[in-house]
Amino acid sequence: YLDGEVYDCSGLVDHVIKQKTVGSVVRLEEQLDPIAVVSVINLQKHQDTQFLGDIVTFLRKKAPTDKEKEMLAKDVFERKGKEKIGLVVSERVVNCPMELSSPLNQAIFEEI
């Protein structure tokens, strides 16, 4: 993830696990490890977390021009209005059936 850049992966995982109202985890009956995870993290509410800071830094470095870096900061990360923006965290392992993708994505919209 993040093209090999170092980031606070543990902080991100801990945050996703702690969320109680948004997100889904899929496990097979015979396995403890999840085969799919989907969640959303509110960028404004959690902007001071280390993992989000790392992700923001990565995205700003990847923006091709200064104008796009400024637009990214203004329109996404520095919003003060009513519209909220979230970071979608979604992962499926190889043996997860494709048929789960659509219901997982639909569930996240219903939870929001």
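Residues numbered from 1 in each chain as written. Predicted model: local features only at pLDDT ≥ 70, side-chain atom pairs only at ≥ 80, totals over all residues. Heavy atoms only, no water.

Where do I start with the overall build of the protein chain in this structure?
Secondary structure summary: the protein chain contains four helices and three strands in total. Start at the N end of the protein chain and walk to the C end: the helices and strands fall as α-β-β-α-α-β-α. If one aligns the C-alpha atoms of the protein chain with their principal axes, the spans along those axes are about 50 × 35 × 25 Å. Going through the 112 residues of the protein chain one by one, you find that 30% of them count as buried. Surface accessibility of the protein chain: about 8300 Å² in total, with carbon and sulfur atoms responsible for 55%. Averaging the coordinates of the 15 positive side-chain charges in the protein chain and doing the same for the 19 negative ones gives two points 8 Å apart. (Helix = DSSP H or I, 4+ residues; strand = E, 2+ residues; numbered from the N terminus. Buried < 20%, exposed > 50% of the residue type's maximum accessible area, 1.4 Å probe, protein only. Areas by Shrake-Rupley, 256 points an atom, 1.4 Å probe, with all protein chains shown as cover. Lys, Arg positive; Asp, Glu negative; His and termini not counted. Charge placed at Lys NZ, Arg CZ, Asp CG, Glu CD.)

Could you clarify how one ought to interpret the nonpolar core in this entry?
Soluble globular proteins tend to bury their nonpolar side chains together. One finds L2, Y7, L12, V16, I41, L43, F51, L52, I55, F58, V76 and V89 forming the largest nonpolar core, which totals twelve residues. Looking at this core, the elements with two or more residues in it are α1 (9-18) and α2 (50-62). Top element by residues in this core is α2. It accounts for four residues. Leaving out residues up to four positions away in the same chain, V76 has contacts with L43, Q44, M71 and I85. (Core = buried A, V, L, I, M, F, W, Y, C linked by side-chain atoms within 4.5 Å. Contact = heavy atoms within 4.5 Å.)

Please explain the sheet that holds strand β1 (residues 24-27) as it appears in this structure.
To summarise the sheet geometry, strands pair through backbone hydrogen bonds and adopt either a parallel or an antiparallel arrangement. As summarised here, the arrangement of the three strands in space is β1-β2-β3, forming an open sheet in which the pairing is antiparallel. The sheet is open, and its two edges are formed by β1 and β3 (86-92), each paired on a single side. Looking at each pair of strands side by side, their axes are set apart by 5 degrees on average, direction ignored. Where β1 meets strand β2 (residues 34-42), four bridges bridge the pair, whose relative direction is antiparallel. From the neighbouring strand, V26 faces β2, where its bridge partner is A36. Running at roughly 90 degrees to β2, α1 makes contact with β2 and β3 of the sheet. Where helix α4 (residues 101-111) meets the sheet, its contacts fall on β1, β2 and β3, and the angle it forms with β2 comes to roughly 30 degrees. (Pairing = 2+ DSSP bridges. Axes fitted to C-alpha atoms, helices over the stretch in contact; angles between N-to-C directions.)

Help me out: how do you make sense of the side chain of H15 in this one?
Structurally, the position occupied by H15 is in helix α1. When its relative accessible area of 15% is taken as the criterion, H15 is described as buried. Beyond its immediate stretch of four places on either side in the chain, H15 contacts I41, H46 and F51.

Honestly, α2 in this entry has me stumped. Any pointers?
An α-helical turn contains 3.6 residues, so any two residues separated by three or four positions project in the same direction. Helix length check: α2, at 13 residues, gives a terminal C-alpha distance of 19 Å against a target of 18 Å (1.5 Å per residue), a fit within 8%. Within α2, the full set of buried residues consists of F51, L52, D54, I55, V56 and F58. (Expected span 1.5 Å × (residues − 1).)

I tried to follow α1 on my own but got confused; where do I start?
Looking at α1, one finds that the buried residues are G11, L12, H15 and V16. Along the axis of α1, the buried residues cluster in a sector spanning 130 degrees; they form a single face. For α1, the exposed residues set more than 90 degrees away from the buried face come down to S10, I17 and K18. Where α1 is buried, its residues meet β2, α2 and β3. (Arc of directions from axis to C-beta.)

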